[in-house]
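The primary structure of each chain is shown beneath.
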Amino acid sequence: MTRAILLTGGAGFIGSNFVHMLAEQRPDWLCVNLDALTYAGNMQNLAMVEGSTQHRFIHGDICKTEDVERALDACGDLPISVVHMAAESHVDRSIISGLPFVQTNVLGTQVLLDACRARGIERFVHVSTDEVYGSLGSEGFFTEDTPLAPNSPYSASKAASDMLVRAAFHTHGFPVLTTRCSNNYGPWQFPEKLVPLMLANAREDKPLPVYGDGMQVRDWLYVEDHCEAILAVLERGELGEVYNIGGHNEYPNIEIVKTILAAMGKPESLITYVTDRPGHDRRYAIDASKIDATLGWRPRWTFEQALPATIEWYASQVEWLQGLRTGAYRDYYAQQYGSDSEG
Ligand code: NAD
Ligand code: TYD
């Protein structure tokens, strides 16, 4: 192994896709995966790397210095870079209670920064979101210079973490880079987010809940493209910089829902308009020209290719999806690994 990546949140949606990408594209890198296995973490997402010497799972919490130190120890003498994805990530949950978001996204990020600074690492990529910029009208795009104006407890906690990361760079010269990406879709996403929830409900002929008028716009990016952008930033980004990541792929929610129904051969009568999300951001759209011009990254997947591929993937993973719907996925870690904290 030539270097170690300490990945936080690698049993979640984007994290597990990142693990798979590293296994394929950087087989000489050790991936140490620190994850608390909250409801959003699922070891089944990582079944493909089970038993691999390139992947090491550490069951632990980024809010606990001793857990972060355990993960850093697992990197051995290799040069270490950090990719920080662990977070509470769902807006609707943050509306019910903001506290877990402040705990993991804010406190956890500071604990991680401090422990990594004490150890000495090469690079720290902080994976953030376009939601820190707030909401757009029908015109314009978020650039890296757009002022932060978060509107939900989720996005506010992510914006706070962005500021802590920025402060670590300016105060301590800590080698950080920040990415802000638009909405992702693809394999292994927890079926509480729009795309997998609609796929799962449509499969079972259950109502598809569309918030408000369904005309809120998101800029959809296939998760593999996001992972490759993070890798580009990790390898070639300039320290202290922020990089927006997006696909210039804007669609209103209702169009996404109708496309899914059509692709699955299900009737639009399943669509059910429900009360809007409080404080619902109207439109997100990313200007990703900086990462294109400076690092040569642009999305490889078009929506027309990747959405059908995603629909097909979920259709082939009925058991996985059922496990998430019933909660059975939570037993998998204990069954595979007993009560040990490392796997
Ligand atoms: P996710 O909710 O699917 O996964 C989060 C992971 O973090 C889970 O495995 C969970 O167990 C773990 N985790 C939570 N709290 C932890 C803690 N205290 N210590 C250790 N691990 C903990 O999230 P995701 O969709 O994969 O998002 C990953 C990152 O990307 C997040 O930081 C999110 O803000 C950001 N992001 C997500 C999207 C998106 O569309 N999903 C878009 C832009 C940015
Ligand atoms: P979501 O996947 O929760 O991502 P985010 O809120 O971080 O953008 O939601 C995407 C969009 O879909 C958002 O505008 C809210 C909307 N939405 C619905 O209309 N119905 C749903 O059941 C969900 C989960 C989301």
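A few points on the structure.

What counts and how
Residues numbered from 1 in each chain as written. Chains lettered and ligands numbered in written order. Predicted model: local features only at pLDDT ≥ 70, side-chain atom pairs only at ≥ 80, totals over all residues. Heavy atoms only, no water. Near = heavy atom within 4 Å. Polar contact = N/O pair within 3.5 Å; in protein donor to acceptor, adjacent residues only side chain to side chain. Areas by Shrake-Rupley, 256 points an atom, 1.4 Å probe, with all protein chains shown as cover. Core = buried A, V, L, I, M, F, W, Y, C linked by side-chain atoms within 4.5 Å. Buried < 20%, exposed > 50% of the residue type's maximum accessible area, 1.4 Å probe, protein only. Helix = DSSP H or I, 4+ residues; strand = E, 2+ residues; numbered from the N terminus. Contact = heavy atoms within 4.5 Å. Nonpolar A, V, L, I, M, F, W, Y, C, P; charged D, E, K, R; others polar. Pairing = 2+ DSSP bridges.

## A closer look at the site of ligand 2
Part 1 of the reasoning: Among the 18 residues in the neighbourhood of ligand 2, the closest are listed as Glu 131, Pro 209, Arg 218, Arg 277 and His 280.
Part 2 of the reasoning: Measuring from an oxygen atom of ligand 2, one finds a side-chain N or O atom of Glu 131 at 2.5 Å.
Part 3 of the reasoning: Within the complex, the protein chains bury 96% of what would otherwise be the 510 Å² of accessible surface of ligand 2.

## A closer look at the nonpolar core
Part 1 of the reasoning: Counting 40 residues, the largest nonpolar core has Leu 7, Phe 18, Leu 22, Met 43, Val 83, Met 85 and Ile 291 as the members making the most contacts within it.
Part 2 of the reasoning: Among the elements that line this core, the one with the most residues is helix α7 (residues 223-236), at seven residues.
Part 3 of the reasoning: Once you skip the residues sitting within four places of it in the chain, Leu 7 turns out to touch Gly 15, Phe 18, Val 19, Cys 31, Val 32, Asn 33, Leu 34, Val 83 and Met 85.
Part 4 of the reasoning: In terms of nonpolar packing, the next biggest core, distinct from the first, is built from 32 residues, Tyr 251, Phe 303, Leu 307 and Tyr 329 among them.

## Things to note about the site of ligand 1
Part 1 of the reasoning: Ile 14, Asp 35, Ser 89, Tyr 154 and Lys 158 are the nearest of the 28 residues found near ligand 1.
Part 2 of the reasoning: A distance of 3.0 Å separates an oxygen atom of ligand 1 from a polar atom in the backbone of Phe 13.
Part 3 of the reasoning: Burial of ligand 1 by the protein amounts to 96% of the accessible area it has alone, namely 840 Å².
Part 4 of the reasoning: Top element by residues in the shell around ligand 1 is strand β5 (residues 123-129). It accounts for three residues.
Part 5 of the reasoning: By residue class, the composition of the shell around ligand 1 is 13 nonpolar, 12 polar and three charged.

## Quick look at the environment of Arg 3
Part 1 of the reasoning: Positionally, Arg 3 belongs in strand β1 (residues 3-8).
Part 2 of the reasoning: Separated by 25 residues in the primary sequence, Arg 3 and Asp 28 place their C-alpha atoms 7.5 Å from one another.
Part 3 of the reasoning: Residues within four places of Arg 3 in sequence aside, it is in contact with Asp 28, Trp 29, Leu 30, Leu 78, Pro 79, Ser 81 and Glu 122.
Part 4 of the reasoning: Polar side-chain contacts of Arg 3 include one of 2.9 Å to the side chain of Ser 81.

## Brief notes about the environment of Thr 109
Part 1 of the reasoning: With respect to the helices, strands and loops of the structure, Thr 109 is situated in helix α4 (residues 99-119).
Part 2 of the reasoning: The buried category is assigned to Thr 109, whose relative accessible area is 1%.
Part 3 of the reasoning: Sequence separation of Thr 109 and Gly 247 is 138 residues, and the distance between their C-alpha atoms is 27 Å.
Part 4 of the reasoning: With residues near it in sequence (within four places) discarded, Thr 109 still touches Ile 62, His 84, Thr 104, His 126, Ser 161 and Val 165.

## Examining helix α6 (residues 194-203)
Owing to its 3.6 residues per turn, the α-helix brings residues three or four apart onto one side.
Part 1 of the reasoning: Buried residues dominate α6, accounting for eight of its 10 residues.
Part 2 of the reasoning: Taken as a whole, α6 has its buried residues at Val 195, Pro 196, Leu 197, Met 198, Leu 199, Ala 200, Asn 201 and Ala 202.
Part 3 of the reasoning: Packed against the buried residues of α6 are β7 (184-185), β8 (208-211), α8 (253-264), α10 (303-315) and α11 (318-326).
Part 4 of the reasoning: Following α6 by one or two positions, Asp 205 has its phi on the positive side, about 55°.

## Remarks on the environment of Ala 36
Part 1 of the reasoning: Within the element layout of this structure, Ala 36 appears in the loop between β2 (29-35) and β3 (55-59).
Part 2 of the reasoning: Assessed through its relative accessible area of 32%, Ala 36 is described here as partly exposed.
Part 3 of the reasoning: For Ala 36 and Ile 58, which are 22 residues apart along the polypeptide, the C-alpha to C-alpha distance reads 8.4 Å.
Part 4 of the reasoning: Apart from the residues lying within four places of it in its own chain, the contact partners of Ala 36 are His 59, Gly 60 and Asp 61.

## What about the pairing of β8?
Regular strands show a simple pattern: their side chains alternate between the two faces of the sheet.
Part 1 of the reasoning: Here β8 shows a clear split, with Leu 208 and Val 210 buried on one side and none of Pro 209 and Tyr 211 buried on the other.
Part 2 of the reasoning: Pairing geometry for β8 and strand β13 (residues 271-274), over four bridges, is parallel. Opposite Tyr 211, over in β13, you have Val 274 as the bridge partner.

## Focus on unusual backbone geometry
Among all residues except glycine, the phi angle is most often negative; among peptide bonds, the trans geometry is most common.
Part 1 of the reasoning: Even without being a glycine, Asp 205 presents a positive backbone phi close to 55°.
Part 2 of the reasoning: Counting through the fold element by element, Asp 205 comes out in the loop between α6 and β8.
Part 3 of the reasoning: On the accessibility criterion, Asp 205 (47% relative accessible area) is partly exposed.
Part 4 of the reasoning: A positive phi angle, near 45°, is found at His 248, a position not held by glycine.
Part 5 of the reasoning: When you line up the elements, His 248 lands in the loop between β11 (242-245) and β12 (250-252).
Part 6 of the reasoning: Relative accessible area serves as the criterion here: at 53%, His 248 is assigned to the exposed category.

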